[in-house]
Amino acid sequence: MMKSVKYMMAAVLAGLIALPAAAEEVRFAKQLQINNLPSMIVEHDKLFEKHAAELGEPDLTAVWLTFANGGAAVDALISGNVEFVSAGLTNFGVLWSRTKGQVKGVTGVGGVALPLLTRNPHVKTLADFGPNDRIAVPTVKVSNQAVMLSMALDKLYGPEGRTKLDQQTVQLGHSDALQALLNPQHEVNSHFSTPPYSILALKNSSVHKVMDTNELFGEPLNSNIMFAMPATHDGHPVAVKAIIAALDEANEMIAADPEKAADLYLQISGDKIEKADVVALLADPGTIFSTKPQGTLKVIQYMADSGLIPMRPEAMEDLYYPEIAARQGS
């Protein structure tokens with residue numbers, strides 16, 4: 001027995017017998033939101049591992065880390081605690097500019113129409129907001145909602161009107177903003193929201209929608225983007241190809257079986273909304289699940305034109321790595 005062990009060790013050292021390769025982990029940052037549903041399905045069904053194996057790396061595995069917000073996920077990317085981040089488009093735009101275009105988008109993920117809600121019965125359009133109204137957004141100036149509000153004002157009043165509601169805009173997380181919106185005594189009477197908070201809010205008869213981002217753009221906006229540092233993209237080509245293929249497969253499943261996709265979303269997210277509401281959201285014209293980014297270039301160009309970031313992208317190739325830029329998104 002001892003001789004056989006010694007022979008095996010000698011053979012290994014001589015390269016005659018290969019030891020099993022250690023599994024290589026790739027860390028992904030995610031948020032449990034409906035516009036990140038494809039990533040949830042990729043994790044649940046182990047689609048990343050499936051496609052990595054098909055690409056010749058069966059020991060490549062994904063570790064999915066949940067973050068409360070996009071800012072925390074971006075911090076994890078910068079500090080080297082994750083390789084890929086799935087977060088809001090405007091968070092990506094800020095980081096892209098801060099790194100002078102080094103960090104780029106790997107793939108689109110998804111997007112839903114973001115509604116601007118109010119309990120002020122006199123506010124029917126964006127022009128009706130007055131000095132006593134208070135509009136909650138997740139982060140002032142740079143969140144998806146804050147940028148979309150600025151873009152809507154620009155569309156209504158021109159560039160000089162971009163900041164017209166800055167004094168009425170306050171920073172609140174979505175959960176706190178929902179509670180404020182439903183409290184008739186709270187000074188915050190409006191919320192630029194997102195599902196599921198908007199779904200819950202609109203079940204209250206005192207709340208109505210003023211506008212949403214689908215009306216602003218005239219098409220669905222891929223507002224959730226996956227991005228990575230250049231070292232990750234260049235050093236892990238199989239991981240890049242595998243996650244794009246995995247998201248493509250997840251998107252096909254959502255389109256083919258929205259009932260199953262809704263069940264998975266409720267199971268994973270723990271959201272306390274009705275399945276019918278999720279199915280309706282998946283069928284909404286403002287919802288998109290696609291690896292090919294849509295509408296993203298114009299948003300980040302607007303961020304530059306309005307002074308939120310110092311760099312301006314001129315083409316998709318400026319924002320995205322070649323694998324997705326070649327798909328001719330927008």
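Coordinates for the structure precede this section.
### A short note on the overall build of the protein chain
Phase 1: Looking only at helices and strands, one finds 16 helices and 10 strands in the protein chain.
Phase 2: Of all 330 residues assigned to the protein chain, the portion counted as buried reaches 52%.
Phase 3: Here the protein chain displays about 14,800 Å² of accessible surface, and carbon together with sulfur accounts for 54% of that area.
Phase 4: For the protein chain, the distance from the average site of its 26 positive side-chain charges to the average site of its 36 negative ones is 2 Å.

### A closer look at the pattern of salt bridges
Phase 1: Going through the model one piece at a time under the given rule, you end up with 12 salt bridges.
Phase 2: One salt bridge connects Lys 209 with Glu 215, and the closest N-O pair in it is separated by 3.4 Å.
Phase 3: On the basis of relative accessibility, which here comes to 46%, the residue Glu 215 falls in the partly exposed class.
Phase 4: Between Arg 312 and Asp 305 there is a salt bridge, with its nearest N and O atoms 2.7 Å apart.

### Observations concerning the packing of aromatic side chains
Phase 1: Scanning all chains against the criterion turns up five aromatic pairs.
Phase 2: Both rings, one in Phe 28 and one in Phe 84, keep their centres 4.9 Å apart while their planes meet at 15°; by these two values the pair is stacked. With a gap of 56 residues between them, Phe 28 in strand E1 (residues 24-30) and Phe 84 in strand E3 (residues 84-88) connect regions that are remote in the sequence.
Phase 3: For Phe 28, a relative accessible area of 0% corresponds to the buried category.
Phase 4: Note on Phe 92 and Phe 227: the rings are 5.1 Å apart at their centroids and 35° apart in plane angle, and the pair reads as tilted. With Phe 92 in helix H5 (residues 89-98) and Phe 227 in strand E10 (residues 224-228), the pair connects residues that are 135 residues apart, well separated along the chain. We note that Phe 92, like Phe 227, is buried.
Phase 5: Counting every residue linked through ring pairs, the aromatic cluster contains Phe 28, Phe 48, Trp 64 and Phe 84.

### Quick look at the packing of helix H6 (residues 144-157) against helix H14 (residues 296-305)
Phase 1: Relative to each other, H6 and H14 sit at 80°, their axes nearing to 11 Å. Taken together, the axes of H6 and H14 lie roughly perpendicular to each other. Facing Val 147, Met 148, Ser 150, Met 151 and Asp 154 of H6, the residues of H14 in contact are Lys 298, Val 299, Tyr 302 and Met 303.
Phase 2: For the contact of H6 with H14, the class distribution of residues is six nonpolar, one polar and two charged.

### Description of the sheet that holds strand E8 (residues 190-192)
Phase 1: Judged by pairing direction, the sheet is mixed, and its five strands sit side by side in the order E7-E6-E8-E5-E9 without closing on themselves. Edge positions in the open sheet fall to strand E7 (169-171) and strand E9 (208-212), since each of these has one partner strand only. Direction aside, the axes of adjacent strands within the sheet are offset by 25° on average.
Phase 2: Here four bridges tie strand E5 (residues 115-118) to E9, and the two strands are oriented antiparallel to one another. Looking at the pairing, Leu 116 lines up with Met 211 of E9.
Phase 3: Relative to E8, H6 is tilted by about 100°, and along the sheet it contacts E5, strand E6 (135-137), E7, E8 and E9.
Phase 4: In this fold helix H7 (residues 174-181) packs onto E5, E6 and E8, with an angle of close to 150° to the strand it touches most, E8.

### Points about the nonpolar core
Phase 1: Counting 92 residues, the largest nonpolar core has Leu 37, Phe 48, Phe 227 and Ile 243 as its most contacted members.
Phase 2: Here the element with the most residues in this core is helix H11 (residues 237-256); it accounts for 11 residues.
Phase 3: By size, the runner-up hydrophobic cluster in this structure holds five residues, among which are Leu 117, Leu 178, Ala 201 and Val 207.

### Description of the packing of helix H2 (residues 37-44) against helix H12 (residues 258-269)
Phase 1: Where H2 meets H12, the closest approach of the two axes is 10 Å, and the angle between their N-to-C directions is 85°. When the axis of H2 is compared with that of H12, the two are roughly perpendicular. Contacts between H2 and H12 involve Leu 37, Met 40, Ile 41 and His 44 from the former and Ala 261, Leu 264, Tyr 265, Gln 267 and Ile 268 from the latter.
Phase 2: Of the residues in the contact of H2 with H12, the class split is seven nonpolar, two polar and no charged.

The rules behind each value
- Residues numbered from 1 in each chain as written.
- Predicted model: local features only at pLDDT ≥ 70, side-chain atom pairs only at ≥ 80, totals over all residues.
- Heavy atoms only, no water.
- Helix = DSSP H or I, 4+ residues; strand = E, 2+ residues; numbered from the N terminus.
- Buried < 20%, exposed > 50% of the residue type's maximum accessible area, 1.4 Å probe, protein only.
- Areas by Shrake-Rupley, 256 points an atom, 1.4 Å probe, with all protein chains shown as cover.
- Lys, Arg positive; Asp, Glu negative; His and termini not counted.
- Charge placed at Lys NZ, Arg CZ, Asp CG, Glu CD.
- Salt bridge = Lys/Arg side-chain N within 4 Å of Asp/Glu carboxyl O.
- Phe/Tyr/Trp six-rings, centres within 6.5 Å; stacked < 30°, edge-to-face > 60°.
- Axes fitted to C-alpha atoms, helices over the stretch in contact; angles between N-to-C directions.
- Parallel < 35°, antiparallel > 145°, perpendicular 65-115°, else oblique.
- Contact = heavy atoms within 4.5 Å.
- Nonpolar A, V, L, I, M, F, W, Y, C, P; charged D, E, K, R; others polar.
- Pairing = 2+ DSSP bridges.
- Core = buried A, V, L, I, M, F, W, Y, C linked by side-chain atoms within 4.5 Å.

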